[in-house]
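Below are the chains, spelled out letter by letter.
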Amino acid sequence: MNFKIPNDIDMTQQASWCPGCGHGIVCRVITEAVTELGVSDRIITVDDVACGQFGQFAMKYNTIMGAHGRTIPTAAGVKQARPDALVIARPGDGSAYSIGIESTVYSAIRNDNILAIVINNSVFGMTGGQMSPTSLPGMKTATSPFGRDESKNGSMFDITKIIGQTDMAYLARVAVNTPANTEKAKKAIKKALTKQMNGEGFCLVEILSMCPTNWKMSEVDACEYIKTTQSRYLPLGEFVDKGGNE
């Protein structure tokens, strides 16, 4: 098996993520997808003020830092200014679905021709593992030490139920907890970027990602948790595929 590190990623930088975190894997699959499409010179990423921001040191693309929760509208603005570019917003679930939910919904409604890759670990990772909109029922976090109580905290958020009926181009949920799922994640990113190249509109790829530190479990158990628990509440699959590009 030939295994080659894409030129778009810098593996010499010291990792800033916790052991077992999925963010590094996400950066890897983004660069693989971009390299395979041959569009490295067209990529602009917009990073959030959160765990994902360290991707700017791993990926060799032009990057803009957005305010917390504002990466998606910032990316839409970049696309307006640079319609030739392929623009990727990279918020987390806490950003995209809490402070940034209005921006996420309206990008779908407007069908902005950008790609949002939302890394979903069901907590606010960087600030200490607080409960996020996607924290699972009964999930223990820094702000729900006895488990998420839906009668008090509201029900868990599922983006597919919110924007799945809009006229967006592509909506998928994937994971990076196994090699097979990671390959599916790359395929979804490639499809979304191809749709952006074709001018089809807004694409959102949600990636279920491990957070062993805030989940308080081992790296292996975190991968298993996505399989047995997180993906049971947040099923994997393609939910919108306008045009059906492969």
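Structure's up top.
Residues numbered from 1 in each chain as written. Predicted model: local features only at pLDDT ≥ 70, side-chain atom pairs only at ≥ 80, totals over all residues. Heavy atoms only, no water.

Engineer: Would you take a moment to explain the sheet that holds strand 7 (residues 170–175) for this structure?
Structural biologist: Sheets are built from strands paired through backbone hydrogen bonds, the pairs being either parallel or antiparallel. Strand order in this open sheet of 7 strands is 2-1-3-4-8-7-9, and the pairing throughout is mixed. Each edge of the open sheet carries a strand with a single partner, namely strand 2 (62–65) and strand 9 (237–241). The average undirected angle you get between the axes of adjacent strands in this sheet is 20 degrees. The sheet contact formed by strand 1 (residues 43–47) and strand 3 (residues 86–90) spans 5 bridges and is parallel. Bridge pairing in strand 3 links isoleucine 43 to leucine 86. Against the sheet, helix 1 (residues 23–37) makes contact with strand 1, strand 3, strand 4 (115–120) and strand 8 (203–208), and its axis sits at roughly 155 degrees relative to strand 4, the strand it touches most. (Pairing = 2+ DSSP bridges. Helix = DSSP H or I, 4+ residues; strand = E, 2+ residues; numbered from the N terminus. Axes fitted to C-alpha atoms, helices over the stretch in contact; angles between N-to-C directions. Contact = heavy atoms within 4.5 Å.)

Engineer: Could you clarify how one ought to interpret the packing of aromatic side chains in this entry?
Structural biologist: For any two aromatic rings, the description comes down to two numbers: the centre-to-centre distance and the angle of the planes. Per the stated rule, a full pass over the model turns up 2 aromatic pairs. An angle of 35 degrees between the planes, with centres 5.0 Å apart, marks the rings of tyrosine 97 and phenylalanine 157 as tilted. Placement of the pair is tyrosine 97 in helix 4 (residues 93–99) and phenylalanine 157 in the loop between helix 6 (150–153) and helix 7 (159–163), with a sequence separation of 60 residues. Residue classification places tyrosine 97 among the buried positions, given a relative accessible area of 3%. The lysine or arginine in question, arginine 232, covers the ring of tyrosine 233, its NZ or CZ lying 4.8 Å from the ring centre. (Phe/Tyr/Trp six-rings, centres within 6.5 Å; stacked < 30°, edge-to-face > 60°. Buried < 20%, exposed > 50% of the residue type's maximum accessible area, 1.4 Å probe, protein only. Lys NZ or Arg CZ within 6 Å of the ring centre and 35° of its normal.)

Engineer: Hey, could you run me through the nonpolar core in this one?
Structural biologist: What tends to happen in soluble globular proteins is that the nonpolar side chains get buried as a cluster. Judged by nonpolar contacts, the single largest core of 45 residues is most densely connected at Ile30, Leu115, Ile117, Ile189, Val205, Ile207 and Trp215. At the level of secondary structure, the elements contributing two or more residues to this core comprise helix 1, strand 3, strand 4, strand 7, helix 8 (179–197), strand 8 and helix 10 (219–233). Sequence-distant contacts of leucine 115, that is, excluding residues within four places in its chain, are made with Val87, Ile88, Ala89, Ile189, Ala192, Leu193, Gln196, Cys203 and Val205. Ala76, Ala85, Ala89 and Met168 belong to the second largest nonpolar core, which has 24 residues in total. (Core = buried A, V, L, I, M, F, W, Y, C linked by side-chain atoms within 4.5 Å.)

Engineer: Please explain the pattern of salt bridges as it appears in this structure.
Structural biologist: Think of it this way: side chains of opposite charge can pair up when their charged atoms draw near. Applying the stated criterion across every chain yields a total of 14 salt bridges. With a shortest N-O distance of 3.8 Å, lysine 186 and glutamate 183 are connected by a salt bridge. Taken together, the positions of lysine 186 and glutamate 183, both in helix 8 and 3 residues apart, correspond to about one turn of that helix. Relative accessible area serves as the criterion here: at 9%, lysine 186 is assigned to the buried category. Salt bridges here are not isolated pairs; linked through shared partners, they connect Arg28, Glu32, Glu36, Glu183, Lys186 and Lys190. (Salt bridge = Lys/Arg side-chain N within 4 Å of Asp/Glu carboxyl O.)

Engineer: Mind showing me how you'd approach the side chain of threonine 141 here?
Structural biologist: Summarising the element assignment, threonine 141 is placed in the loop between strand 6 (130–131) and helix 6. At 3.2 Å, the side chain of threonine 141 and the backbone nitrogen of methionine 131 are in polar contact. The contact partners of threonine 141, leaving out residues within four places of it in the chain, are Val123, Gly129, Gln130, Met131 and Ser135. (Polar contact = N/O pair within 3.5 Å; in protein donor to acceptor, adjacent residues only side chain to side chain.)

Engineer: For this particular structure, what's the right way to read helix 5 (residues 101–110)?
Structural biologist: Since one α-helical turn is 3.6 residues long, residues separated by three or four positions face the same way. Buried within helix 5 are the following residues: Ser103, Thr104, Val105, Ser107 and Ala108. One or two positions beyond helix 5, positive phi appears at asparagine 111, with a value near 60 degrees.

Engineer: Hey, could you run me through the packing of helix 1 against helix 8 in this one?
Structural biologist: Angle between the axes and distance between the axes: these two values describe a pair of packed helices. At a minimum axis separation of 9 Å, helix 1 and helix 8 run at an interaxial angle of 50 degrees. Between helix 1 and helix 8, the angle is such that the two are oblique. The two elements helix 1 and helix 8 meet at a crossing, and its hand is right-handed. When helix 1 is examined against helix 8, the residues Ile25, Val29, Ile30, Glu32, Ala33, Val34, Glu36 and Leu37 are found in contact with a partner set consisting of Thr182, Lys186, Ile189, Lys190, Leu193, Thr194 and Met197. (Parallel < 35°, antiparallel > 145°, perpendicular 65-115°, else oblique. Left-handed = near helix turned anticlockwise from the far one by under 90°.)

Engineer: Help me out: how do you make sense of the environment of alanine 89 in this one?
Structural biologist: Considering the arrangement of structural elements, one finds alanine 89 in strand 3. Accessibility expressed as a relative area gives 0% for alanine 89, which makes it buried. Once the C-alpha coordinates of alanine 89 and threonine 45 are considered, the two residues, 44 residues apart in sequence, prove to be 5.8 Å apart.

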